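Here is how the chains run, residue by residue.
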Amino acid sequence: MTVAKNQQKPTAWLAYAVALVSGGIGIFAYSPFDYWWIAFLSASGLIWLATCNSKRTALLGTFLWGVSYFAVGVNWVHVSMIQFGGVPEIVSYLAVLLLAAYLALYPLLFTFVVQRFHWQHPWLLAAVFTVTEYLRGVVFTGFPWLQFGYSQIDTPFANIATLFGVEGLTAFVMIVSGYVVQLAKNSHKLTACIGLIAVLAVSFTTKLANWVEIDHGKPAIKISLVQGNIEQKMKWNPAHFEDTLRTYGRLINQVIGESDVVILPESALPATEEQIEPILQQLDQLGRKNGSEIIIGTLYRNSNGVYNSAVMLGGSVPYAIHQSPRYNKHHLVPFGEYVPFGNLLDWMREVFILPINLSQGEFVQPSLLAGNQKFNLAICYEIIFGHQLQQNQQAQQADYLLTITNDAWFGESSGPWQHFQMARMRALELGKPLVRATNTGVTAFVNFDGTVTALLPQFEANTLTQSLQSTKGETPYAQFGRWLWYAICGLILLVGIARRK
């Protein structure tokens with residue numbers, strides 16, 4: 001008995017070491033590092049842990065993997081807490097660790113199900129992981145950050161996303177990694193080898209599918225993006241308001257009249273819309289006079305509350321604060337734009353110096369019409385919710401995707417680049433060019449296949465201009481959304497349960 005216990009200890013400690021290392025290296029698969037193959041190493045580590053013979057080792061190892069994966073991967077959260085939330089540094093790191101521990105519950109659930117049903121087949125593992133990732137994306141409004149599929153956007157397998165979205169690409173990583181683990185364990189070696197080759201070959205052929213093409217029947221549109229590079233520490237200081245106004249005024253004057261549409265970032269001017277109404281009226285008149293329409297991020301207040309909003313200026317109808325076309329952000333950032341659970345956690349507002357609770361816009365909203373083209377809009381954080389963009393695209397049939405954001409909160413960390421990578425995935429999934437205007441970067445134009453066509457350096461006050469043409473045709477993901485892959489997962493799980501019985 002003593003000998004058996006002593007033999008188990010090194011195995012368990014090895015598993016925990018593998019968990020911490022394979023989880024922690026996951027960050028390098030994503031932007032700005034972009035070593036996409038590391039995603040397979042990280043996923044292989046997770047699968048090896050989940051399929052351990054010892055249930056206890058599997059569960060604890062998976063939890064450690066999740067804590068390591070998320071604590072390293074979203075470590076940028078602490079930047080805003082220290083610099084702008086007035087939180088002591090040690091508390092900010094503890095908060096990141098707490099967030100990572102919560103997010104680790106989802107891979108832990110994955111391992112619990114795998115252990116419960118004794119499943120080893122890569123397709124079953126991918127189906128279970130799809131379910132737990134879905135839960136991570138919806139529970140408590142969801143936080144679907146660092147899904148494996150995002151790391152594959154620059155690979156030969158990226159076009160899987162046009163069929164099944166980032167969820168399908170994530171499953172691809174899990175399936176390939178599952179076969180790799182089988183080979184490493186000498187388990188069903190021939191079957192695993194054939195399965196791995198088949199999955200890689202079929203996935204590679206998706207590159208040949210051309211669901212959309214440039215629509216030459218529609219005129220090109222010239223768009224200018226304005227990156228103000230206003231430091232977050234200065235932005236909401238009234239003493240710097242005039243400096244902010246001069247910066248944006250100078251940049252707008254460089255492109256007004258030269259472009260059909262001029263786009264400014266999220267909450268570009270640090271005031272509620274009613275406070276800057278005269279300024280917006282001047283911009284409206286300037287745009288109309290010079291033949292340029294302007295989209296600007298604002299904080300809009302009405303009888304229902306305050307919204308993170310984007311409003312149209314310079315159109316045929318003069319600007320009116322409660323009548324002008326606008327988009328109100330739907331998916332708000334927990335503890336950033338509102339405190340969840342009502343009065344239960346409202347005390348945290350004093351601890352973390354949080355702003356007022358913002359109100360939520362509708363899930364599906366009309367597109368913004370600018371330059372005679374339709375824009376499917378998402379503000380900041382909500383670009384990571386592909387289902388929302390897909391549902392709006394189905395309703396709007398927009399020509400372009402547009403996202404405006406302010407990632408100055410996260411400084412020079414990897415956060416803004418991870419955010420940008422997820423925005424690129426939306427263009428690939430829906431087969432539409434994406435336009436991204438930010439305060440400090442990453443401001444860019446993205447082609448309908450997810451490739452970057454133009455990009456401004458971070459932390460530079462400048463403009464970026466490009467002529468774009470929309471696409472015709474529709475990707476399967478744009479038509480059916482994530483439900484196509486979910487239906488396949490449902491069938492896989494039913495077969496797995498039936499075979500077990």
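Criteria and cut-off values
All chains use their own residue numbering, which begins from 1 and follows the written sequence. For a predicted model such as this one, the threshold for reporting local features is a pLDDT of at least 70, and the threshold for listing and counting side-chain atom pairs is 80 or more; totals across whole chains, interfaces and linings nevertheless cover every residue. Side-chain numbers here rest on the full set of heavy atoms in the structure, without hydrogens or water. UniProt positions are given in the numbering used here, feature names are shortened, and annotations may be inferred rather than shown by experiment. The residues that make up patches have over 30% relative accessible area and no salt bridge, and they are joined within 9 Å when like-charged or within 5 Å when they are Val, Leu, Ile, Met, Phe, Trp or Tyr. Note on areas: these come from Shrake-Rupley sampling with a 1.4 Å probe, and a residue is covered only by the protein chains present in the view. The term salt bridge refers to a pairing of a side-chain nitrogen on Lys or Arg with a carboxyl oxygen on Asp or Glu at a separation within 4 Å. Helix and strand definitions here come from DSSP, where helices need a minimum of 4 consecutive H or I residues and strands a minimum of 2 consecutive E residues; each element is numbered from the N-terminal end. With a 1.4 Å probe rolled over the protein chains alone, any residue whose accessible area is under 20% of its type maximum counts as buried; one over 50% counts as exposed, and the rest are partly exposed. Residues are treated as being in contact if the distance between any of their heavy atoms lies within 4.5 Å. A pair of strands is treated as paired once DSSP finds two or more bridges between them. A fitted line through C-alpha atoms serves as each axis, taken over the contacting stretch for helices, and the angle formed by two N-to-C directions is quoted from 0 to 180°. By this rule, a helix spans an expected 1.5 Å times one less than how many residues it contains. Throughout this description, any angle smaller than 35 degrees is read as roughly parallel, any larger than 145 degrees as roughly antiparallel, any in the 65 to 115 degree range as roughly perpendicular, and the remainder as oblique. Crossing handedness follows the turn of the near helix against the far one: under a right angle anticlockwise gives a left-handed crossing, and clockwise gives a right-handed one. Polar here means any residue other than Ala, Val, Leu, Ile, Met, Phe, Trp, Tyr, Cys and Pro, which are nonpolar, and Asp, Glu, Lys and Arg, which are charged; Gly is therefore polar. Each residue carries a pLDDT score, the predictor's confidence in it, ranging from 0 to 100.

The chain goes by Apolipoprotein N-acyltransferase in an unreviewed UniProt entry, where it is assigned to Frederiksenia canicola. UniProt annotates the chain under Sequence similarities (unreviewed entry) with the comment "Belongs to the CN hydrolase family. Apolipoprotein N-acyltransferase subfamily." Listed in UniProt under the heading Subcellular location (unreviewed entry), the comment for the chain reads: "Cell membrane".

On the surface, a nonpolar cluster with roughly 580 Å² of combined accessible area is contributed by Phe 28, Phe 33, Tyr 35, Trp 36, Trp 37 and Leu 41. Looking at where Trp 37 falls in the secondary structure, it is placed in the loop between α1 (2–24) and α2 (38–50).

Tallying each qualifying case throughout the model produces ten salt bridges. Ionic pairing is found between Arg 136 and Glu 133, a salt bridge with its closest N-O pair at 2.8 Å. Separated by three residues within a single helix, Arg 136 and Glu 133 lie in helix α7 (residues 122–136), roughly one turn from each other. We classify Glu 133 as buried; its relative accessible area is 8%.

The subject of this paragraph is the side chain of Gln 152. Within the fold, Gln 152 resides in the loop between α7 and α8 (160–184). Given the relative accessible area of 0%, Gln 152 is considered buried. Not counting chain neighbours up to four residues away, the residues in contact with Gln 152 comprise Trp 36, Ala 39, Phe 40, Ala 158, Leu 169, Phe 172 and Val 173.

This paragraph deals with the sheet that holds strand β8 (residues 373–379). Spatially, six strands are ordered β7-β8-β9-β10-β11-β12 in an open sheet, and the strand pairing comes out mixed. With one partner strand each, in any of the chains shown, β7 (368–370) and β12 (452–455) form the two edges of the open sheet. On average, each strand axis in the sheet is inclined to that of its neighbour by 25°, with strand direction left out of account. This element, helix α14 (residues 386–396), spans β8 and β9 (400–405) of the sheet and lies at about 160° to β8. Sitting on the sheet, helix α15 (residues 415–430) is in contact with β9, β10 (434–438), β11 (444–446) and β12, with an inclination near 160° to β10.

This next bit is on helix α6 (residues 105–117). When the terminal C-alpha atoms of α6 are compared, their 18 Å separation across 13 residues agrees well with the 18 Å that a helix rising 1.5 Å per residue should span. Residues of α6 that are buried sit in contact with α2, α3 (55–73), α5 (89–103), α7 and α8. Following α6 by one or two positions, His 118 adopts a phi angle in the positive range, close to 55°.

Closest axis-to-axis distance for the α14/α15 pair is 10 Å, and the angle between their directions is 40°. Considering their axes alone, α14 and α15 lie oblique with respect to each other. Handedness of the α14/α15 crossing: right-handed. In contact with Gly 386, Leu 389, Gln 390 and Gln 393 of α14, α15 contributes Arg 426, Glu 429 and Leu 430. Its residues placed into classes, the contact of α14 with α15 shows two nonpolar, three polar and two charged.

Once that is clear, we can look at the confidence of the model for the chain. For the chain, the average pLDDT comes to 92, and 94% of its residues sit at 70 or higher. Within the model, the stretch residues 1–9 combines pLDDT values under 50 with zero contacts to residues more than four positions away or in other chains.

A separate point is the packing of α3 against α6. When two helices pack together, you describe them by how their axes are tilted relative to each other and by the distance separating the axes. In contact at an axis separation of 8 Å, α3 and α6 are set at 155° when each is read in the N-to-C sense. The angle between α3 and α6 places the two elements in the roughly antiparallel class. At the point where α3 passes α6, the crossing takes the right-handed sense. Contact residues: α3 offers Lys 55, Ala 58, Leu 59, Thr 62, Phe 63, Trp 65, Gly 66 and Phe 70, while α6 offers Leu 105, Pro 107, Leu 108, Thr 111, Phe 112 and Gln 115. In terms of residue class, the contact of α3 with α6 is made up of nine nonpolar, four polar and one charged.

This part is about the UniProt feature "transmembrane region" (unreviewed entry) in the chain. UniProt feature "transmembrane region" (unreviewed entry): in the numbering of this structure it lies at residues 12–29, 35–51, 58–78, 90–114, 123–145, 157–181, 193–212 and 480–498. With 76% helix and 0% strand, residues 35–51 has its two end C-alpha atoms placed 26 Å apart.

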